[in-house]
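In case you want the letters, here they are:
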Amino acid sequence: MAYPSELKYTEEHEWVKVDGDTAAIGITSYAAEELGDIVFVDLPDTGTEVSKGDTFGTIESVKTVADLYAPVSGEITEINETLEDTPETVNESPYEKGWIVKIKMSDKSETDGMLSAEDYEKKL
Amino acid sequence: MADQRTPLYDVHVEEGAKLVDFAGWDMPVQYESIIAEHEAVRRRAGVFDVSHMGRFRITGPGALKSIQHALSNDAESLGAGECHYSLLLTDDAGIADDLFVYSPRGTEDELLVVVNAANASKDLALLKARSIDAEWDDETPRTAMLALQGPEAETMLQPLTELDLPAIRLHRFAVGPLAGVEAMVSRTGYTGEDGFEIITAADDAVTLWKALREAGVAPCGLGARDVLRLEAAYPLWGHEIDENTRPADAGLSFACRKDGDSYVGGRAHREYLAAGPTKAVVGLVMNSRRMARQGAEVRISGKGMGKVTSGTFSPIRGAGIAMAHVDNPERKKLRERRAELVDTDCVCVQGKTEVPATFVPLPFYKRS
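First, a word on scope: everything that follows refers to the structure included in this document. (Residues numbered from 1 in each chain as written. Chains lettered and ligands numbered in written order. Predicted model: local features only at pLDDT ≥ 70, side-chain atom pairs only at ≥ 80, totals over all residues. Heavy atoms only, no water.)

## Some points on the side chain of N116(B)
Residues and elements named next belong to chain B. Tracing the sequence through the fold places N116 in the loop between β8 (110-115) and α4 (120-129). For N116, a relative accessible area of 16% gives the class buried. Within the structure, the side chain of N116 is placed 2.9 Å from the side chain of D98, a separation counted as a polar contact. If we skip the residues at most four places from it in the chain, N116 touches M53, D97, D98 and W237. (Helix = DSSP H or I, 4+ residues; strand = E, 2+ residues; numbered from the N terminus. Buried < 20%, exposed > 50% of the residue type's maximum accessible area, 1.4 Å probe, protein only. Polar contact = N/O pair within 3.5 Å; in protein donor to acceptor, adjacent residues only side chain to side chain. Contact = heavy atoms within 4.5 Å.)

## Things to note about the interface of chain B and chain A
In this complex, chain B contributes 13 residues to the contact, which on the side of chain A involves 18 residues. Overall, the association of chain B and chain A removes approximately 1300 Å² of surface from exposure, summing both partners, and the carbon and sulfur fraction of that is 48%. Interface area lost by chain B to chain A is led by R289(B), R290(B) and R293(B), which between them contribute 45%. Linking chain B to chain A there are four salt bridges. Taking the shortest distance from any N to any O, the salt bridge between R293(B) and E60(A) comes out at 3.1 Å. There are twelve residue pairs in polar contact (both at pLDDT 80 or more) connecting chain B and chain A. Broken down by secondary-structure element, the contributors of at least two residues to the side of chain B that touches chain A are β3 (25-30), α2 (34-43) and β17 (303-314) of chain B. Looking at side-chain class alone, the side of chain B that touches chain A contains six nonpolar, three polar and four charged residues. (Buried area = accessible area lost by both parts, 1.4 Å probe. Salt bridge = Lys/Arg side-chain N within 4 Å of Asp/Glu carboxyl O. Nonpolar A, V, L, I, M, F, W, Y, C, P; charged D, E, K, R; others polar.)

## Here we look at the sheet that holds strand β7 (residues 95-103) of chain B
By definition, the strands of a sheet pair up through backbone hydrogen bonds, in either a parallel or an antiparallel sense. Residue and element names in this part refer to chain B. Ordered in space as β6-β7-β8-β5-β9, the five strands form an open sheet in which the pairing is antiparallel. Whereas interior strands pair on both sides, the edge strands pair on one side only; in this sheet they are β6 (82-89) and β9 (135-138). Across the sheet, the mean angle separating the axes of adjacent strands is 30° when strand polarity is ignored. Pairing between strand β5 (residues 54-59) and β8: six bridges, direction antiparallel. Counterpart to R55 in the pairing with β8 is V114. (Pairing = 2+ DSSP bridges. Axes fitted to C-alpha atoms, helices over the stretch in contact; angles between N-to-C directions.)

In structure tokens form, the structure reads like this:
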């Protein structure tokens, strides 16, 4: 399984793509594979404030349900609305079309302690 | 890892299956995707390893009498090569297990039962305790069992055997060579599709699996099996049925004969059926793609009325589906209780998640 090197990773099997002060968030291919067929992604409204570690949504597969954790603090500025009708996009394209939310970070230093692709893969 | 493996374990690993512990067995939950495997079975054909299920043979002059005493359905009605669904009840008519009974020759001295893996050792102990003049033999370790399910099951299987498959009608079986190995082939299943279940020697399981795969049958895991059985509204022990649920609660009185004094739990079943069941197994469709899972509370107009027993996403309905136990305070007949609830809205509550749903008639899927 490939883990794009330009992304940062969390122990909760999420990835973060930093672009200025915005972080795009998704789940890793490992997490998508473990969940199996994803059939529902429950997302907050844009404008919601989250703190690092908060549960901001849930992701349901045929087999199980998992919480989504905010890897950084800030305001949710965008949600991936295509997941409402085609949640399987997360399985098909976890790092590109299957992104989940974008957060405008209130403290960019929160990404400092995150895992590199190499370190994340080692932890699996 | 679990401590028991079926004769097909190495094949599952080769096929890239994701394995999980199921009732102490390492079983494939999925190969590629639960949804793809579900579709294979609904549209073409899929094969499941169900070797973890318990296979027990009873032989001896008292075999049929013992089965009649131990189980709810009328095994005396089984001719040679016929099988049926039956229940192992507790003294007060709780469902200790549900199972299939096979009569190889229509004689009184030999029958085979196939039971749920999770209950196998409990069942064997109960069956032994309820037997006279007969011996039980646990054939599970030296046999394997495959389920070939789907609308194309018969056309894909026929080239592999000289058995006349169309002649094996529903709940019938035959023994003969299949892909060069000896097999018992029954027209039975747990998916809501046409298909067969095949029992063969443990050593022949890989040959049979590979022959079916070469014929174009898709490998399918327990994940897809659960979605398929739930769409067809087949109960699963430990979910819809258990020792605190009686046949009349779950629509299984059809498998209980009317002479209640002749089998364990029969009298309690008849009395309970006459008084009316206090709960009902019902169907729910979620108003979204969300799912209610086992244990979620079912609330009607804010009032807790029962619990979800199984829930999944149904590809056929494009929505979450569930079966649930709901109260039946007026002890109406199950059919009436189900009918009065149809189209009623409810909410399935699990933790802080609330999933709106509507009661619907069962099953969720019926093949055309």
